[in-house]
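# Structural characterization, general
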Amino acid sequence: MINLFRFGGLLALFLCSSAYAGDIQIQNAWARATAPGQDAASVDLTITSKHAAALVGVSSPAAETAALHSMQMEGGMMRMREVASLDIPPGKALNLRASGHHLMLMGLKEPLKEGQTVPLTLNFRVGKMGMMKVKTRARVIALTAPAPVMGNSGDQKMNMKMH
Ligand SMILES: [Cu+2]
């Protein structure tokens, strides 16, 4: 039995050995402060992955549950629904909001206040290399603030990678 367990451990290590934490970058994660009585919040962020990957899960100690949502207009109403995974193309910055997605935090343990940060753990499946967890923090902006956009330097980087 002990030998079997050991073999399993080595195998897992081998499968993960070609993906590194720095291969997936999360930038500009933010959420709005919650209004009184609001116990859910949506989070936007930008993901850049060196390898083809898929975002397959999210969690936060600040909320009972967290999920990846898509937003679509249906019959004149904006509807959101949970999606199981989101493909991240290699080497391109993918902004959740621009792609019609957001992370949804549900059952917030405390209201979100401007200036706080919210810890998030994103789970990715990276090609055949297995699962990878990436931690980030979303900054909380004022309820009425406009959506932050990537700075000029970030945009230039994005363009260079796309050509
Ligand atoms: Cu949502």
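Residues numbered from 1 in each chain as written. Predicted model: local features only at pLDDT ≥ 70, side-chain atom pairs only at ≥ 80, totals over all residues. Heavy atoms only, no water.

## What about the overall build of the protein chain?
Within the protein chain one finds two helices and 10 strands. Going from the N terminus to the C terminus, the protein chain shows its helices and strands as α-β-β-β-β-β-β-β-β-β-β-α. For the protein chain, the proportion of contacts with a sequence separation of at least 24, taken over those separated by at least 6, is 69%. (Helix = DSSP H or I, 4+ residues; strand = E, 2+ residues; numbered from the N terminus. Contact = heavy atoms within 4.5 Å.)

## Examining the environment of Ala52
Residue placement: Ala52 occurs in the loop between strand 2 (40-49) and strand 3 (53-59). Expressed as a C-alpha distance, the spacing of Ala52 and Pro90, which sit 38 residues apart in the sequence, is 4.5 Å.

## Some thoughts on the pairing of strand 2
For strand 2, the buried fraction is high: nine of the 10 residues fall into the buried class. Where strand 1 (residues 24-32) meets strand 2, six bridges bridge the pair, whose relative direction is antiparallel. In the strand pairing of strand 2, Gln27 is matched with Thr46. Alignment of strand 2 against strand 8 (residues 101-108), held across four bridges, turns out to be antiparallel. Residue pairing for strand 8: Ser42 is matched across the bridge by Met104. The pairing of strand 2 with strand 7 (residues 93-95) spans three bridges and is classified as antiparallel. If you follow Thr48 over to strand 7, its bridge partner there is Ala93. (Buried < 20%, exposed > 50% of the residue type's maximum accessible area, 1.4 Å probe, protein only. Pairing = 2+ DSSP bridges.)

Geometric descriptors of this kind do not, in isolation, establish any biological role.
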